[in-house]
Amino acid sequence: MAQTAILSASASLLHFNSGVSGDGTKQLSKSVLLCFSRGYTSTATCSPSSTRTRFRRLEKFGYRARAAESHGGLGALDEGQPSTLPDNKPSDSDPSAMKGKSRLFTIGLVTAWYSSNIGVLLLNKYLLSNYGFKYPIFLTMCHMTACSLLSYIAIAWMKMVPMQTIRSRVQFLKITALSLVFCVSVVFGNISLRYLPVSFNQAIGATTPFFTAVFAYFMTLKREAWLTYLTLVPVVTGVIIASGGEPSFHLFGFLICIAATAARALKSVLQGILLSSEGEKLNSMNLLLYMAPIAVVFLLPATLIMEDNVVGITLALARDDVKIIWYLLFNSALAYFVNLTNFLVTKHTSALTLQVLGNAKGAVAVVVSILIFRNPVSVTGMMGYSLTVFGVILYSEAKKRSK
């Protein structure tokens with residue numbers, strides 16, 4: 001009997017709807033749906049005015065009617081479910097959106113890598129040459145101190161990478177040897193910046209593959225394909241040409257920069273030899289965590305002996321110009337971010353992309369340094385540097401094909 005009354009009520013309302021158009025039809029249809037959902041048994045209880053009031057109350061809490069086409073256009077009101085209207089925002093699972101975010105993230109990483117690398121290089125040059133802070137060993141010790149503290153924060157507190165522990169005394173001695181070579185390469189590189197412009201410094205630094213191949217040949221008896229060794233000819237030739245055309249050439253600075261480049265290559269080869277077993281391998285972040293404090297232990301007595309009263313002189317400079325403290329702090333933090341961004345770029349890009357970016361980074365550093373420091377350059381010098389970079393690209397391609 002109740003069901004008959006409901007059907008009768010809905011029929012009368014639907015008949016009445018036939019004479020109404022637009023919003024009126026929609027509202028009355030909602031009234032009918034509401035009657036069905038509430039189970040009212042009389043048309044009096046289910047009057048349009050009362051049902052409109054009830055619908056507004058429900059609508060306030062996010063309820064919506066769904067079309068049920070299988071019932072001839074009549075719907076059922078979902079009273080227990082919130083509105084599920086379509087959202088035009090891209091879903092997190094959308095492949096195109098995810099790809100776009102990944103690309104932006106990679107571009108940001110590369111920008112940070114370039115900025116930190118070039119920034120620390122230019123700031124080192126400014127401090128050691130233009131500003132007159134002539135203490136490269138102390139400057140390197142500041143870098144290593146910052147790397148020690150920030151590496152510990154990033155790994156132990158922020159859990160950016162899992163912490164790897166030193167498992168034996170032999171492994172510790174190997175890391176100590178690497179740290180010593182690392183110290184020599186960084187200190188000599190900073191010393192060379194006192195005497196050479198950044199552009200020439202980068203040209204010499206681009207010969208690292210040549211020294212790596214030489215050390216690998218003699219220390220590991222590893223033989224490369226003859227084409228790989230042939231590509232090293234333009235690398236060396238370019239530096240020779242650049243040296244002859246460099247207006248600011250300084251023999252001592254040149255020799256020190258060559259030594260720094262050779263030490264950098266030696267560290268790379270030694271790392272492959274000393275930490276080759278699976279149990280001793282460390283990622284670059286954990287290796288820096290252990291190498292940096294050992295480097296501080298090496299550098300502290302060196303700076304106290306070779307750079308007399310460097311702490312007192314730095315404090316005296318700070319009293320006259322407090323900016324020197326901020327320069328040192330910012331420079332030291334940048335030195336850590338060079339290593340951090342290098343690790344992240346290596347993780348999120350391919351080996352080929354990293355090689356291309358590395359080669360381009362040196363060229364960008366040269367251009368930026370010339371624009372900032374206005375150091376004189378010659379066409380011969382730039383041609384020599386270009387030939388060296390071209391040789392490095394050929395070397396990378398030959399190595400890739402030989403594998």
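This next bit is on the overall build of the protein. Looking only at helices and strands, the protein features 16 helices and two strands. In the protein, buried positions account for 41% of the 403 residues.

With that settled, consider the side chain of Glu224. Mapped onto the fold, Glu224 is located in the loop between helix H8 (208-219) and helix H9 (226-230). Under the relative-accessibility criterion, Glu224 is labelled buried at 18%. A distance of 2.9 Å separates a polar atom in the side chain of Glu224 from a polar atom in the side chain of Lys399. With sequence-adjacent residues up to four places away left out, Glu224 is seen in contact with Tyr229, Lys399 and Ser402.

Bringing the packing of aromatic side chains into the picture now. One pass over the structure, following the stated rule, counts 15 aromatic pairs. Relative to Tyr135, the ring of Phe133 has its centre 5.3 Å away and its plane inclined at 75°; by these criteria the two rings are edge-to-face. The two residues Phe133 and Tyr135 agree in class, both being buried. Arranged with centres 6.2 Å apart and planes meeting at 55°, the rings of Phe133 and Phe138 form a pair that is tilted. Grouping residues by exposure puts Phe133 and Phe138 together as buried. For the cation-ring pair, Arg223 lies above Tyr217, with the distance from its terminal atom to the ring centre recorded as 3.9 Å. The aromatic ring of Trp113 is capped on one face by Lys361, whose charged end is 5.6 Å from the ring centroid.

Nonpolar side chains collect at one region of the surface, where Tyr152, Ile153, Trp157, Met158, Met160 and Met163 lie side by side and expose about 650 Å² of accessible area between them. Its place among the elements puts Ile153 in helix H5 (residues 136-157). Relative accessible area serves as the criterion here: at 30%, Ile153 is assigned to the partly exposed category.

For the rest of this paragraph, the subject is the packing of helix H6 (residues 169-195) against helix H11 (residues 251-274). Where H6 meets H11, the axes come as close as 8 Å, and the angle between the chain directions of the two elements is 160°. One way to sum up the angle between H6 and H11 is to call them roughly antiparallel. The handedness of the crossing between H6 and H11 comes out as left-handed. Counted by class, the contact of H6 with H11 contains 17 nonpolar, five polar and three charged residues.

Residue placement: Leu304 occurs in helix H12 (residues 284-306). You can call Leu304 exposed: its relative accessible area is 51%. Between the C-alpha atoms of Leu304 and Ile137, which are 167 residues apart in sequence, the distance is 9.3 Å.

With that settled, the discussion passes to unusual backbone geometry. With glycine set apart, most residues show a phi of negative sign, and most peptide bonds adopt trans. A positive phi is found at Lys159, a non-glycine position, where the angle reads about 55°. Checked against the element boundaries, Lys159 lands in the loop between H5 and H6. With a relative accessible area of 61%, Lys159 lands in the exposed category. Of note in the backbone geometry, Asn309 takes a positive phi value of approximately 55° without being a glycine. The residue Asn309 is located in the loop between H12 and helix H13 (310-320) in this model.

The full count for this structure, using the stated rule, is four salt bridges. We note a salt bridge from Glu280 to Lys174, for which the minimum N-O separation is 2.9 Å. With a gap of 106 residues between them, Glu280 in the loop between H11 and H12 and Lys174 in helix H6 connect regions that are remote in the sequence. The exposure class of Glu280 is buried, given its relative accessible area of 13%. For Lys400, the salt bridge identified is with Glu397, shortest N-O distance 3.6 Å.

Attention now moves to H12. Taking the largest bend as the criterion, H12 deviates by roughly 25°, centred on Leu299, and proline Pro301 comes between one and four positions later. One side-chain oxygen at the N-terminal end of H12 lies 3.1 Å from the backbone nitrogen of Met285; it belongs to Asn283.

A full pass over the atoms with the stated rule returns two cavities of 30 Å³ or more. The computed volume of the largest cavity comes to approximately 100 Å³. Contributing to the lining of the largest cavity are Ser199, Phe200, Ala203, Ala242, Glu246, Pro247, Val366, Val377, Ser378, Gly381, Met382 and Tyr385. For the lining of the largest cavity, the residue count by class is eight nonpolar, three polar and one charged.

Further remarks concern the confidence of the model for the protein. In the predicted model, the protein carries a mean pLDDT of 80, and the fraction of residues at 70 or more is 76%. For the protein, the element scoring lowest by mean pLDDT is strand E2 (residues 76-77), at 36; H5 scores highest, at 97. Note on residues 1-46: pLDDT under 50 across the span, and 48 contacts to partners over four residues away in sequence or across chains. Below pLDDT 50 for its whole length, residues 57-92 participates in 39 contacts with residues either more than four positions away or in separate chains.

Structurally, Thr228 can be placed in helix H9. Setting aside its immediate chain neighbours within four residues, Thr228 contacts Tyr395, Ala398 and Lys399.

Conventions we followed
- Residues numbered from 1 in each chain as written.
- Predicted model: local features only at pLDDT ≥ 70, side-chain atom pairs only at ≥ 80, totals over all residues.
- Heavy atoms only, no water.
- Helix = DSSP H or I, 4+ residues; strand = E, 2+ residues; numbered from the N terminus.
- Buried < 20%, exposed > 50% of the residue type's maximum accessible area, 1.4 Å probe, protein only.
- Polar contact = N/O pair within 3.5 Å; in protein donor to acceptor, adjacent residues only side chain to side chain.
- Contact = heavy atoms within 4.5 Å.
- Phe/Tyr/Trp six-rings, centres within 6.5 Å; stacked < 30°, edge-to-face > 60°.
- Lys NZ or Arg CZ within 6 Å of the ring centre and 35° of its normal.
- Patch = residues over 30% accessible without salt bridge, like charges linked within 9 Å, V, L, I, M, F, W, Y side chains within 5 Å.
- Areas by Shrake-Rupley, 256 points an atom, 1.4 Å probe, with all protein chains shown as cover.
- Salt bridge = Lys/Arg side-chain N within 4 Å of Asp/Glu carboxyl O.
- Axes fitted to C-alpha atoms, helices over the stretch in contact; angles between N-to-C directions.
- Parallel < 35°, antiparallel > 145°, perpendicular 65-115°, else oblique.
- Left-handed = near helix turned anticlockwise from the far one by under 90°.
- Nonpolar A, V, L, I, M, F, W, Y, C, P; charged D, E, K, R; others polar.
- Bend = angle between axes of the 7 residues up to and from the residue.
- 1 Å grid on protein atoms, 1.4 Å probe; cavity = no way out; pocket = protein on both sides within 12 Å on 5 of 7 lines; lining within 4 Å.
- Points joined across faces, edges and corners; volume = space filled by probe spheres on them.
- pLDDT = per-residue confidence, 0-100.

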